Amino acid sequence: MPRVYAIANQKGGVGKTTTVVNLGAYLAARNQRVLLIDMDPQANATSSLGIDRYNVTRSIYHALLQDTPLVQTILLNNHLNLAIAPSSLDLAGAEVELVTLLGREFRLREALAPVRDRYDYVLIDCPPSLGLLTINALAAADGVLVPVQCEYLPLEGLSMLTRTIDLVRARLNPSLAIAGLIMTMFDARTNLSQEVLEDVRAHFPEALFDAVIPRSVRLREAPSHGLTIRQYAPVSPGALAYQALADEVLRRDTGLRHPATEAVPHE
Ligand code: ATP
Ligand code: MG
């Protein structure tokens, strides 16, 4: 069973794209077959993998709105063994164009259906809004991963996101749930980072990942070189944190997938 995760938070700049790209790179490093889907018109996930967004001729836009089979949009990064359905500039109009379409919330789910079994993980990068592109991602996903920036008290924004997830679960996708919260841009030198971490831990004790992503210059630089942190600075703290996150995701999912094969301690 492939795991389809929407990486969502309507707040901008919290680390959604950074998480999609680098979590994807480290899941691929663990021999997982990974597909990234760039649902953001900003196309930052696409360009983070070194793909020129202005040269993309078939993108997720065409799969959502022009019935292009999703498989025909997918580009493969051979070095990382990482596949991506890229975004393109056309996607900026998609929110509006989707409105009048029949089954407008399910376009991504339908586009993904024929290929999802080819992957162990599908990670969907959402734009910073709760519009139809994000709703399509939530309707297609098994779970939501929520990056939370350690620099702002996030609970109000999170309650808006959880309300949207509740609505999607009630109307569109009964099995949807928050699969995990990921603290990003953690700065050990500030009280605020610690405060935000404790606040989120108190409200979401189960969902919060142990792996905390530090604020890191290397993580910020890597996308401008079209590289993941695994390529750009593989022994930096940010790289190690995303590697730890990937391993934690795998542990959680393996636990979910094969409960019967968990080692039973002997007396
Ligand atoms: P948007 O809502 O615009 O799509 P986003 O939630 O996808 O934003 P990112 O693009 O991943 O957020 O990150 C926002 C900016 O912060 C980028 O310049 C990115 O390189 C930088 N950044 C992300 N994570 C970190 C980090 N842990 N340390 C330092 N900089 C980071
Ligand atoms: Mg982004």
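Anything mentioned here points back to the structure above.
Residues numbered from 1 in each chain as written. Chains lettered and ligands numbered in written order. Predicted model: local features only at pLDDT ≥ 70, side-chain atom pairs only at ≥ 80, totals over all residues. Heavy atoms only, no water.

J.: So what about the overall build of the protein? Which residues, and what values?
T.: The number of helices and strands found in the protein is 11 helices and seven strands. Its C-alpha atoms give the protein a radius of gyration of 18 Å, within 12% of the compact-globule value 18 Å for 267 residues. Oriented by its inertia axes, the alpha-carbon framework of the protein measures out at about 55 × 40 × 40 Å. Within the protein, buried positions represent 53% of all 267 residues. Looking at the protein alone, contacts between residues at least 24 apart form 80% of all its contacts between residues at least 6 apart. Counting every atom, the protein has about 12,400 Å² of accessible surface; 53% of that belongs to carbon and sulfur. Placing the 24 positive and 28 negative side-chain charges of the protein at their respective mean positions leaves the two points 3 Å apart. (Helix = DSSP H or I, 4+ residues; strand = E, 2+ residues; numbered from the N terminus. Rg over C-alpha atoms; globule rule 2.2 N^0.38 Å. Buried < 20%, exposed > 50% of the residue type's maximum accessible area, 1.4 Å probe, protein only. Contact = heavy atoms within 4.5 Å. Areas by Shrake-Rupley, 256 points an atom, 1.4 Å probe, with all protein chains shown as cover. Lys, Arg positive; Asp, Glu negative; His and termini not counted. Charge placed at Lys NZ, Arg CZ, Asp CG, Glu CD.)

J.: Residues and numbers for the packing of helix α6 (residues 132-140) against helix α7 (residues 155-171), please.
T.: Contact geometry of α6 with α7 gives a least axis separation of 10 Å together with a crossing angle of 60 degrees. Classified by the interaxial angle, the pair formed by α6 and α7 is oblique. In this structure, the crossing between α6 and α7 has a hand that is right-handed. Touching I135, L138 and A139 of α6 are T164, I165 and V168, all from α7. For the contact of α6 with α7, the class distribution of residues is five nonpolar, one polar and no charged. (Axes fitted to C-alpha atoms, helices over the stretch in contact; angles between N-to-C directions. Parallel < 35°, antiparallel > 145°, perpendicular 65-115°, else oblique. Left-handed = near helix turned anticlockwise from the far one by under 90°. Nonpolar A, V, L, I, M, F, W, Y, C, P; charged D, E, K, R; others polar.)

J.: Could you give an account of helix α1 (residues 16-29), naming the residues involved and the relevant values?
T.: Working note: α-helix, 3.6 residues per turn, so residues spaced by three or four point in the same direction. In this model α1 runs 20 Å from its N-terminal to its C-terminal C-alpha over 14 residues, within 8% of the 20 Å that 1.5 Å per residue would give. With 12 of 14 residues buried, α1 is to be regarded as a mostly interior element. N31 lies just past α1 and shows a positive phi near 65 degrees. (Expected span 1.5 Å × (residues − 1).)

J.: Now, about the packing of aromatic side chains: what can you tell me, with residues and values included?
T.: Each aromatic ring pair is described using two quantities: the centre-to-centre distance and the angle formed by the ring planes. One pass over the structure, following the stated rule, counts one aromatic pair. Both rings, one in Y5 and one in Y121, keep their centres 6.2 Å apart while their planes meet at 20 degrees; by these two values the pair is stacked. Taken as a pair, Y5 in strand β1 (residues 3-7) and Y121 in strand β5 (residues 121-125) lie far apart in primary sequence, 116 residues in all. Here Y5 and Y121 have matching classes, each one buried. (Phe/Tyr/Trp six-rings, centres within 6.5 Å; stacked < 30°, edge-to-face > 60°.)

J.: So, the pairing of strand β7 (residues 178-184): which residues are in play, and what are the values?
T.: Among the seven residues that make up β7, five are buried, leaving the element largely enclosed by the rest of the structure. Inspection of the sheet shows strand β6 (residues 143-149) paired to β7 by six bridges, in the parallel sense. Looking at the pairing, V146 lines up with L181 of β7. Handedness of the crossover is the feature at issue here: the chain leaves β6, passes through α7, returns alongside β7, and the resulting connection is right-handed. (Pairing = 2+ DSSP bridges. Right-handed = clockwise from strand over helix to strand, strands pointing away.)

J.: Just give me the short version of the site of ligand 1, but keep the residues and values in it.
T.: In the region of ligand 1, 18 residues are neighbours, and K16, T17, T18, P214 and S216 sit closest. In this structure, G13 approaches ligand 1 through a main-chain N or O atom, which is 3.0 Å from an oxygen atom. About the coverage of ligand 1: the protein hides 84% of its 630 Å² of free accessible area. Listed by contribution, the elements that provide at least two residues to the shell around ligand 1 are α1 and α9 (217-221). With three residues, the top contributor of residues to the shell around ligand 1 is α1. (Near = heavy atom within 4 Å. Polar contact = N/O pair within 3.5 Å; in protein donor to acceptor, adjacent residues only side chain to side chain.)

J.: Tell me about the pattern of salt bridges, and please be specific about residues and values.
T.: All told, the structure shown has 11 salt bridges when counted by the stated rule. Put simply, D67 and R107 hold a salt bridge, and the shortest N to O gap is 3.6 Å. Here the residue D67 occupies a position in the loop between α3 (60-65) and β3 (75-77), and R107 occupies one in helix α5 (residues 107-112), the gap between them amounting to 40 residues. We classify R107 as buried; its relative accessible area is 16%. (Salt bridge = Lys/Arg side-chain N within 4 Å of Asp/Glu carboxyl O.)

J.: Lay out the environment of I165 in plain terms, naming residues and giving numbers.
T.: Looking at the element boundaries, I165 is found in helix α7. Since its relative accessible area comes to 2%, I165 is described here as buried. In this structure, the C-alpha to C-alpha distance between I165 and L82, residues 83 residues apart in sequence, is 28 Å. Residues contacting I165, with those up to four places away along its chain left out, are L138, V144, L176 and I178.

No statement about biological role is implied by the geometric values presented.
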